[in-house]
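Working through the structure, step by step
Listed here are the chains, written in short residue letters.
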Amino acid sequence: MAEPAQKDAVVEEIYKKHEKIYPREVHGFFAHMRLLAMTVLLGLYYGVPWLQWDGRQAVLFDLPHRKFYIFDWVFWPQDFFYLALLLMIAAFALFFFTTLAGRLWCGYACPQTVWTELFMWIEHRIEGDRPQQIKLDKSPWNARKIRIKATKHAIWFLLALWTGFTFVGYFTPIRELWHDVLAFNLSGWETFWILFYGFATWGNAGFMREQVCIYMCPYARFQAAMFDRDTLVISYDAKRGEPRGSRKRGVDPRELGLGDCIDCTLCVQVCPTGIDIRNGLQYQCIGCAACIDVCNEVMEKMGYPKGLIRYTTENQMEGKPTHILRPRIVIYGLLLLLFTSATLYGIATRTPLELDIIRDRNTLYRETDEGLVENVYQLKIVNMDEKPHRYRLSIRGLPGMVLDADPNPVEVPAGSVQEETVRVRVDPVELKRASNEIYFIIEAEDDPKLRREEKARFLGPVL
Amino acid sequence: METTHGDHHAGGPDAGLPAIQQVVSVLWPSFLTAGIATIVTFTVFDPLQIAQCMGEPGLTRLGAYSTGFFVFWLFAAASSGLTCYFRRPTDRIRG
């Protein structure tokens, strides 16, 4: 079967046996930015569950009680709508920033990147930098190798376990969880999820690493669709760098017919996904900018201007002007703004009260001794507020309707659901149809803004 | 970037794909879909009510969420696995 050579190369790339990548440690501006992002994000992840707010955990996705607490906000399953909006915001933010500045998410904020950085940082402290790591892995097993590897894995293991514990701490109160850990009193599922998440962390950050980005990440596959000629990407300036080649310091490369690239391959050695950025933009590139840092260091040593590898756009590379404001950016930006403000407005103005009405399914209607038609309803009053309220029930829709509800008003404790069976009676002469619309109205006695009106069906005979 | 690898490649779609990658390509997408399915299902339905209907009153919510997740994962993985299986060219099965 005849195939274009390039495609074969890509196929080979996907099918080839994985070889371990030993990224060289790098220092520089972008490394500092990554370190900053890592510190802030990991600090948030490990720290936030310990924050208290109003006598409870500030951020808690309380699965057992089906309530999500985020500082002052409490979300109920009824607020699922906001979760959907939140996902839309996340998606559009991703589109917006990808179009603007490429894979910012991958390089600086993705949990995969952040934990891999952390695990690599530990690996570098214990096993040494790239050459030492390669040497160690090639050397036969001896006491020293076992000691080094065991230390690394012990630290990774503890860190992974702590990560798993923190993860579960977002779903069950972390302080109680910690006491349970100390007392060896964890429930089966809690233990399971701590180990599961810990194992996933250890595997993803310690072993899978760049393979997660290359083989498993859906975003990495489709992000290219959001790129255009004005997107900020990390590029090697081939015009300036080629022809590459080694030379002595202080020699004018133009005399040797060389470009600025000294072919030191450091950009390849620092790459966490093991690619050569000089081959152009590749889908494996997660935009971490490690190659920029290391190349700038080399350029400085050589006395050449920095930026042989740099953040740039395709247009800029070709000497054309770069446009920041372009239709895509404007549309993504506007949608992002729209969804964000809609969500915030919705949350700020939502009524922490819900009324569900279920008609009694056993009988359609019943005639009372007085000759009235009676329907029975099951009301579910959900008080989502953080304090108790007394709610008054009333109805409207048919003339002369009588509501038989006991008790009325209904006392509903803070953050709970109260069910009540109510009967509605009406004189059959008022029924023009077999099915009539009526409305249940519920209003808090202490706050008229806490009010809900819900539609229901009243069934009866047609006279 | 995006490759239509396999389909025209000699030896069938999954020829040469390391076993571990084949397993991951079944387990990973089903893990993602199972996560989404769990969130959506248990937002709409309270697992305790489902448990009551099924006559399992002893189940805790955390247990129900976890079990639900793994059941979804199993079904999604079965679907992914079958897709992989049916993608094999028939001539290779005949030998």
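These numbers were taken from a predicted model, which means no experiment stands behind them.

Take the overall build of chain B next. A count of helices and strands for chain B gives 4 helices and 0 strands. Start at the N end of chain B and walk to the C end: the helices and strands fall as α-α-α-α. Within chain B, buried positions represent 29% of all 95 residues. When the accessible surface of chain B is split by element, carbon and sulfur atoms take 69% of a total near 6,000 Å².

Residue and element names in this part refer to chain A. In the segment running from Asp 406 into Pro 407, the intervening peptide bond is cis, with an omega of 0 degrees. If you trace the backbone, Pro 407 turns up in the loop between strand S12 (402–404) and strand S13 (410–412). That bond from Asn 408 to Pro 409 is cis: its omega, 0 degrees, falls within 30 degrees of zero. Within the secondary structure, Pro 409 is located in the loop between S12 and S13. Backbone geometry places Arg 66, a non-glycine residue, at a positive phi of 55 degrees. Its location among the elements puts Arg 66 in the loop between strand S3 (59–62) and strand S4 (67–70).

This paragraph deals with helix H7 (residues 143–169) of chain A. The terminal C-alpha atoms of H7 of chain A lie 38 Å apart, and with 27 residues this matches the ideal 39 Å at 1.5 Å per residue to within 8%. At the N-terminal end of H7 of chain A, a side-chain oxygen is found 3.1 Å from the backbone nitrogen of Arg 144 of chain A, two or three residues along, and the residue is Asn 142 of chain A.

Residues and elements named next belong to chain A. Judged by nonpolar contacts, the single largest core of 46 residues is most densely connected at Ile 234, Ile 277, Cys 291 and Ile 309. Those elements giving two or more residues to this core turn out to be helix H2 (29–47), helix H3 (80–101), helix H4 (104–109), strand S6 (233–236), helix H14 (266–270), helix H15 (290–302) and helix H17 (327–349). Looking at this core element by element, the count peaks at 8 residues for H15. When sequence neighbours within four positions are dropped, the list of residues in contact with Ile 309 reads Ile 234, Ser 235, Tyr 236, Cys 267, Ile 277, Cys 291, Ile 292, Cys 295 and Asn 296. If you look at the next biggest cluster of nonpolar residues, it comprises 25 residues, including Leu 353, Leu 355, Ala 405 and Val 422.

Turning our eyes to something else, we now look at the domain arrangement of chain A. All names here are of chain A. Along its sequence, chain A is organised into domain 1 (11–350) and domain 2 (353–459). Each of domain 1 and domain 2 has a C-alpha centre, and the two are 54 Å apart. Taken residue by residue, the interface counts 7 residues in domain 1 and 9 residues in domain 2. Carbon and sulfur atoms make up 62% of the surface buried where domain 1 meets domain 2, a total of about 520 Å² over both sides. Contact with domain 2 buries area across many residues of domain 1, yet Val 74, Trp 76 and Gln 78 alone supply 77% of it, more than any other trio. The interface formed by domain 1 and domain 2 includes 0 salt bridges.

On to the pattern of salt bridges. Residues and elements named next belong to chain A. Across all of its chains, the model carries 36 salt bridges over all chains by this definition. Linking Glu 123 and Arg 209 is a salt bridge whose minimum nitrogen-to-oxygen distance equals 3.0 Å. Here Arg 209 lies in the loop between helix H9 (188–208) and helix H10 (210–216) and Glu 123 lies in helix H5 (residues 111–127), a separation of 86 residues in the sequence. Looking at Glu 123, the relative accessible area reads 2%, which means it is buried.

Each pair of packed helices can be described by the angle between their axes along with the distance between the axes. Residues and elements named next belong to chain A. Their axes nearest at 7 Å, the elements H2 and H15 cross at an angle of 145 degrees. Contacts from Phe 29, Phe 30, Ala 31 and Arg 34 in H2 reach Ala 290, Ile 292 and Asp 293 in H15. Of the residues assigned to the contact of H2 with H15, the class counts are 5 nonpolar, no polar and 2 charged.

Our focus in this paragraph is the packing of H7 of chain A against H9 of chain A. Residues and elements named next belong to chain A. Interaxial distance between H7 and H9 falls to 7 Å at its minimum, and their mutual angle equals 130 degrees. Accordingly, the angle class assigned to the pair H7 and H9 is oblique. In terms of crossing hand, the pair formed by H7 and H9 is right-handed. Between H7 and H9, the contacting residues are His 153, Trp 156, Phe 157, Ala 160, Leu 161, Thr 163, Gly 164, Phe 165, Phe 167 and Val 168 on the first element and Glu 190, Trp 193, Ile 194, Leu 195, Tyr 197, Gly 198, Thr 201, Trp 202, Gly 206 and Phe 207 on the second. A class-by-class count of the residues in the contact of H7 with H9 yields 13 nonpolar, 6 polar and 1 charged.

Residues and elements named next belong to chain A. Looking at the secondary structure, you find Lys 239 in helix H12 (residues 238–241). For Lys 239, a relative accessible area of 68% gives the class exposed. Residues Lys 239 and Leu 308 lie 69 residues apart in sequence; the distance between their C-alpha atoms is 9.5 Å. Those residues in contact with Lys 239, other than ones at most four positions away along the chain, are Met 317 and Glu 318.

This part covers the sheet that holds strand S5 (residues 73–75) of chain A. Backbone-to-backbone hydrogen bonds pair the strands of a sheet. The strands run either parallel or antiparallel. Residues and elements named next belong to chain A. The strand order across the open sheet built from 3 strands is S3-S4-S5, with neighbouring strands paired in antiparallel fashion. Each edge of the open sheet carries a strand with a single partner, namely S3 and S5. Across the sheet, the mean angle separating the axes of adjacent strands is 10 degrees when strand polarity is ignored. As paired elements, S4 and S5 share 3 bridges and run antiparallel to each other. Opposite Ile 70, over in S5, you have Trp 73 as the bridge partner.

About the thresholds
- Residues numbered from 1 in each chain as written.
- Chains lettered and ligands numbered in written order.
- Predicted model: local features only at pLDDT ≥ 70, side-chain atom pairs only at ≥ 80, totals over all residues.
- Heavy atoms only, no water.
- Helix = DSSP H or I, 4+ residues; strand = E, 2+ residues; numbered from the N terminus.
- Buried < 20%, exposed > 50% of the residue type's maximum accessible area, 1.4 Å probe, protein only.
- Areas by Shrake-Rupley, 256 points an atom, 1.4 Å probe, with all protein chains shown as cover.
- Expected span 1.5 Å × (residues − 1).
- Polar contact = N/O pair within 3.5 Å; in protein donor to acceptor, adjacent residues only side chain to side chain.
- Core = buried A, V, L, I, M, F, W, Y, C linked by side-chain atoms within 4.5 Å.
- Contact = heavy atoms within 4.5 Å.
- Domains from an automatic or database assignment.
- Buried area = accessible area lost by both parts, 1.4 Å probe.
- Salt bridge = Lys/Arg side-chain N within 4 Å of Asp/Glu carboxyl O.
- Axes fitted to C-alpha atoms, helices over the stretch in contact; angles between N-to-C directions.
- Nonpolar A, V, L, I, M, F, W, Y, C, P; charged D, E, K, R; others polar.
- Parallel < 35°, antiparallel > 145°, perpendicular 65-115°, else oblique.
- Left-handed = near helix turned anticlockwise from the far one by under 90°.
- Pairing = 2+ DSSP bridges.

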